[in-house]
Amino acid sequence: MMAAQGQTVAFAEVPTPVGPFELAVTEIGLVASGWASRGRLADRLDLAEVHDADRTAFAVAELNAYFAGELKVFMTPVDWRLMSGSRLRVLRALHEVPYGTAVTYGELAARSGSSVPARGIGSIMGSNPIPIIVPCHRVVAGNGLGGFSGGEGVETKRWLLTHEGYLQPTLLDL
């Protein structure tokens, strides 16, 4: 029996300069990613796992190109099933924030057209199921970088923003 559209998930792990990065791809698109273990991602999704390297190949290639400095716009389809309501509006607005730029929590709230206050935007960023492709690292506080819950925390955010050219490298980066 064949599973219904969007009822299975294939996983891939991509080695990156900021640690191993997991991708979870349904028939619809990338549904989750991050520095979490495959088991933790699978538990959140509650979908049957399939081994399908062809399904994950495009997202893997794009992520590798991003980290090689060769990709600025992700074309990987996104499966938005883990998001709804204001959270979905905010993350869709975030998905449109261009490479090499950043917005404040308040600016993202305004762009999303939601009634979520800046503090609530921070909570949504912390629970973003698709970091990097839905670039929560591009959301900064009005007085600095703000927080980051992926990888090694704010140091991973700093690395990503430096990689994209938004931040200048420090002597520690050289």
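Residues numbered from 1 in each chain as written. Predicted model: local features only at pLDDT ≥ 70, side-chain atom pairs only at ≥ 80, totals over all residues. Heavy atoms only, no water.

Points about the pairing of strand S1 (residues 8-14)
Then comes step 1: S1 sits mainly inside the fold: six of its seven residues count as buried.
Then comes step 2: Sheet analysis places S1 next to strand S2 (residues 21-26), joined by six bridges and oriented antiparallel. Opposite alanine 12, over in S2, you have leucine 23 as the bridge partner.
Then comes step 3: Two successive antiparallel strands, S1 and S2, enclose a turn made up of six residues, where glycine 19 displays a positive phi of approximately 105°. (Buried < 20%, exposed > 50% of the residue type's maximum accessible area, 1.4 Å probe, protein only. Helix = DSSP H or I, 4+ residues; strand = E, 2+ residues; numbered from the N terminus. Pairing = 2+ DSSP bridges.)

A look at a nonpolar patch on the surface
Then comes step 1: Among the surface-exposed residues, Phe58, Val73 and Met75 lie close enough to one another that they form a single nonpolar patch of about 330 Å² accessible area.
Then comes step 2: Looking at the secondary structure, you find phenylalanine 58 in helix H2 (residues 53-67). (Patch = residues over 30% accessible without salt bridge, like charges linked within 9 Å, V, L, I, M, F, W, Y side chains within 5 Å. Areas by Shrake-Rupley, 256 points an atom, 1.4 Å probe, with all protein chains shown as cover. Salt bridge = Lys/Arg side-chain N within 4 Å of Asp/Glu carboxyl O.)

Section: the nonpolar core
Then comes step 1: Residues Leu63, Leu94, Leu108, Met125 and Ile132 are the most contacted members of the largest nonpolar core, which totals 40 residues.
Then comes step 2: Put simply, the parts of the chain that give this core at least two residues each are S2, H2, helix H3 (85-95), helix H4 (105-112) and helix H5 (118-126).
Then comes step 3: Setting aside residues up to four positions removed in sequence, leucine 94 forms contacts with Leu108, Met125, Asn128, Val134, Pro135, Cys136 and Val139.
Then comes step 4: The next biggest cluster of nonpolar side chains, apart from the first, holds nine residues, and it includes Phe11, Ala24, Val31 and Leu45. (Core = buried A, V, L, I, M, F, W, Y, C linked by side-chain atoms within 4.5 Å. Contact = heavy atoms within 4.5 Å.)

Examining the side chain of serine 114
Then comes step 1: Its location among the elements puts serine 114 in the loop between H4 and H5.
Then comes step 2: A polar side-chain atom of serine 114 sits 2.8 Å from a polar atom in the side chain of serine 112.
Then comes step 3: When neighbours within four sequence positions are excluded, serine 114 is seen to be in contact with Ser86, Arg89, Val90 and Ala109. (Polar contact = N/O pair within 3.5 Å; in protein donor to acceptor, adjacent residues only side chain to side chain.)

Remarks on the packing of aromatic side chains
Then comes step 1: One pass over the structure, following the stated rule, counts six aromatic pairs.
Then comes step 2: Aromatic pair tyrosine 66 and phenylalanine 74: ring centres 5.5 Å apart, planes at 40°, arrangement tilted. The two residues tyrosine 66 and phenylalanine 74 agree in class, both being buried.
Then comes step 3: Summarising the aromatic geometry, the rings of tyrosine 66 and tyrosine 99 are spaced 6.1 Å apart at their centres and angled 80° between planes, so their arrangement reads as edge-to-face. (Phe/Tyr/Trp six-rings, centres within 6.5 Å; stacked < 30°, edge-to-face > 60°.)

Some remarks on the UniProt feature "domain: Methylguanine DNA methyltransferase ribonuclease-like" (unreviewed entry) in the protein
Then comes step 1: Summarizing the sequence annotation, UniProt attributes the feature "domain: Methylguanine DNA methyltransferase ribonuclease-like" (unreviewed entry) to residues 15-79 in the numbering used throughout.
Then comes step 2: Strand forms 20% of residues 15-79 and helix 35%; the C-alpha atoms that close the span are 23 Å apart. (UniProt positions renumbered as here; feature names shortened; annotations may be inferred.)

Focus on helix H6 (residues 154-163)
Then comes step 1: The set of residues buried in H6 consists of Thr156, Lys157, Leu160, Leu161 and Thr162.
Then comes step 2: The secondary structure elements touched by the buried residues of H6 are H2, H4 and strand S6 (139-140).
Then comes step 3: Immediately downstream of H6, the backbone of glycine 165 shows phi near 85°, a positive value.

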